[in-house]
Amino acid sequence: MVNTDVYSADKMREILTAYLEKKAFRKTIERYTILECICCMPGHFDVETLRKYVTENHFRVSLAAVYNTIELLMDAGLVVRHQFSSRTVQYELKCAALTHHHVICSYCGSVSEVKTEKVKIATDCKIPKFTPEYYSLYIYGMCSKCKFREKIQL
């Protein structure tokens with residue numbers, strides 16, 4: 001289970017239940033199982049990896065159901081979408097995304113999480129006609145492996 005100080009898995013189930021009731025959507029076992037699997041996955045994930053994880057945990061689910069549930073969980077405010085490069089779409093729990101920033105290598109595409117208090121961006125800043133809920137910071141550059149390869153080639 002992801003260790004978050006913001007929400008427990010039970011709290012996330014409660015949020016999902018309230019969202020489904022508000023929208024008059026069905027409370028299906030698939031939706032709750034997918035949320036539970038997301039809570040158990042470490043870090044970022046893509047839809048195919050999530051579907052494989054759900055299937056490995058003895059629950060059959062279609063790829064379409066996973067895509068639809070991810071959209072629903074984003075709308076409920078439980079999951080956030082990241083596009084680290086033009087070809088990769090990944091997701092993570094919103095409560096986990098609040099605790100770190102992302103460092104992306106522009107050369108190999110590797111993504112690392114940075115937990116630091118040195119980078120601060122105010123979520124309570126005043127923006128006309130806009131209410132910030134959370135932020136995500138992407139820092140692009142060159143990872144140490146690519147830097148090392150570059151030095152060897154010179």
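Residues numbered from 1 in each chain as written. Predicted model: local features only at pLDDT ≥ 70, side-chain atom pairs only at ≥ 80, totals over all residues. Heavy atoms only, no water.

**Student:** Which parts of the structure should I look at to understand the packing of helix α3 (residues 47-56) against helix α4 (residues 63-75)?
**Tutor:** Two packed helices can be described by the angle between their axes and the distance between those axes. Two numbers describe how α3 lies on α4: the axes approach to 10 Å, and their chain directions differ by 115°. Regarding α3 and α4, the two cross each other, and that crossing is right-handed. Across the interface between the two elements, Val47, Glu48, Leu50 and Arg51 from α3 touch Leu63, Val66, Tyr67 and Ile70 from α4. Partitioning the contact of α3 with α4 into residue classes produces six nonpolar, no polar and two charged. (Axes fitted to C-alpha atoms, helices over the stretch in contact; angles between N-to-C directions. Helix = DSSP H or I, 4+ residues; strand = E, 2+ residues; numbered from the N terminus. Left-handed = near helix turned anticlockwise from the far one by under 90°. Contact = heavy atoms within 4.5 Å. Nonpolar A, V, L, I, M, F, W, Y, C, P; charged D, E, K, R; others polar.)

**Student:** In this structure, what is going on with unusual backbone geometry? I would like to understand it.
**Tutor:** Glycine aside, residues mostly have negative phi angles, and peptide bonds mostly take the trans form. Positive phi outside glycine occurs at alanine 24, with the angle close to 60°. Inspection of the secondary structure puts alanine 24 in the loop between α1 (9-23) and α2 (29-40). According to the relative accessible area criterion, alanine 24 is exposed, its value standing at 67%. We note that histidine 58 has phi near 65°; this positive angle belongs to a residue other than glycine. For histidine 58, the position within the fold is in the loop between α3 and α4. (Buried < 20%, exposed > 50% of the residue type's maximum accessible area, 1.4 Å probe, protein only.)

**Student:** Explanation requested: the environment of isoleucine 139 in the structure shown.
**Tutor:** For isoleucine 139, the position within the fold is in strand β5 (residues 138-141). On the accessibility criterion, isoleucine 139 (36% relative accessible area) is partly exposed. Sequence separation of isoleucine 139 and serine 112 is 27 residues, and the distance between their C-alpha atoms is 9.9 Å. Contacts of isoleucine 139, omitting those with residues within four sequence positions, involve His102, Val103 and Ile104.

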